[in-house]
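Structure at a glance
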Amino acid sequence: MEVILYISALVAAIAFLVLCISIGATLFSLKGILKSIAGTAAGIEKQMEGITRETTHLLEKTNTLAADIAEKSEKLNTVVDAVKNIGVSINNLNNSINKITDSISKEVDKNEEKIAQVVQWSNVVMDIAERWKQRKAQQDVIEAVDERKKK
């Protein structure tokens, strides 16, 4: 019976040895996997640093671009306001011209008879002036003829 006890102890020892060997092999495999994961994590960390740098650079450019757009938008707003003010001024000028034109039309309508009389009198004066010029020319001709006769 003692032999059975020794045999069972030997079997238990062999089983424990097999267990230790398989645990060791598993741990060595796990060590390789963990080294691979550590390498991958290091690579990812380097890539993340690059991504972080690029993201920071892109964010700076975006902020610069946003500030530039805001500045240009402000400048454009002043141009739009200036054009709006020009439009208002032109509209006011048109209104003033329309008022003046209406006023002149009303005055012309009121004084239409007087204007007609002025036109008639100016025609009479022009006719008288023309006749006076003709008489003057005739007198000059007569005087010239008289002077020739005297010579």
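Parameters at a glance
Residues numbered from 1 in each chain as written. Predicted model: local features only at pLDDT ≥ 70, side-chain atom pairs only at ≥ 80, totals over all residues. Heavy atoms only, no water. Helix = DSSP H or I, 4+ residues; strand = E, 2+ residues; numbered from the N terminus. Rg over C-alpha atoms; globule rule 2.2 N^0.38 Å. Buried < 20%, exposed > 50% of the residue type's maximum accessible area, 1.4 Å probe, protein only. Areas by Shrake-Rupley, 256 points an atom, 1.4 Å probe, with all protein chains shown as cover. UniProt positions renumbered as here; feature names shortened; annotations may be inferred. Patch = residues over 30% accessible without salt bridge, like charges linked within 9 Å, V, L, I, M, F, W, Y side chains within 5 Å. Salt bridge = Lys/Arg side-chain N within 4 Å of Asp/Glu carboxyl O. Lys, Arg positive; Asp, Glu negative; His and termini not counted. Charge placed at Lys NZ, Arg CZ, Asp CG, Glu CD. Domains from an automatic or database assignment.

An unreviewed UniProt entry lists the protein under the name DUF948 domain-containing protein, with Ureibacillus thermophilus as the source organism.

Right, let's get into the overall build of the protein. When helices and strands are counted, the protein shows 2 helices and 0 strands. Taken over the C-alpha trace, the protein has a radius of gyration of 59 Å; the compact-globule value for 151 residues is 15 Å, which it surpasses by more than 25%. Along the first, second and third principal axes, the C-alpha atoms of the protein reach 195 × 50 × 15 Å. When the 151 residues of the protein are sorted by exposure, 1% land in the buried category. Carbon and sulfur atoms form 65% of the exposed surface of the protein, whose accessible area is close to 14100 Å².

The sites that carry the UniProt feature "transmembrane region" (unreviewed entry) are, in the present numbering, residues 6–28. With 100% helix and 0% strand, residues 6–28 has end C-alpha atoms that lie 32 Å from one another.

Turning our attention to a negative patch on the surface. Together, Asp-140, Glu-143, Asp-146 and Glu-147 make up a region of like negative charge exposed at the surface. Along the polypeptide, Glu-143 turns up in helix α2 (residues 112–150).

Another aspect to go through is the domain arrangement of the protein. You can read the domains of the protein as domain 1 (1–108) and domain 2 (117–150). Of note, the centres of domain 1 and domain 2, computed from C-alpha atoms alone, are 102 Å apart.

The subject of this paragraph is the pattern of salt bridges. When charged atoms on two side chains of opposite charge get close, those side chains can pair. Across all of its chains, the model carries 3 salt bridges by this definition. Residue Lys-72 is joined to Asp-68 by a salt bridge in which the shortest nitrogen-to-oxygen separation is 3.2 Å. With a gap of 4 residues between them, Lys-72 and Asp-68 both fall in helix α1 (residues 2–110), about one helical turn apart. For the salt bridge of Glu-71 with Lys-75, the shortest nitrogen-to-oxygen distance reads 3.5 Å.

This next bit is on a nonpolar patch on the surface. Taken together, the side chains of Phe-16, Leu-19, Ile-23, Leu-27, Leu-30, Ile-33, Leu-34 and Ile-37 present a nonpolar region at the surface, about 780 Å² in accessible area. Relative to the helices and strands, Leu-19 resides in helix α1.

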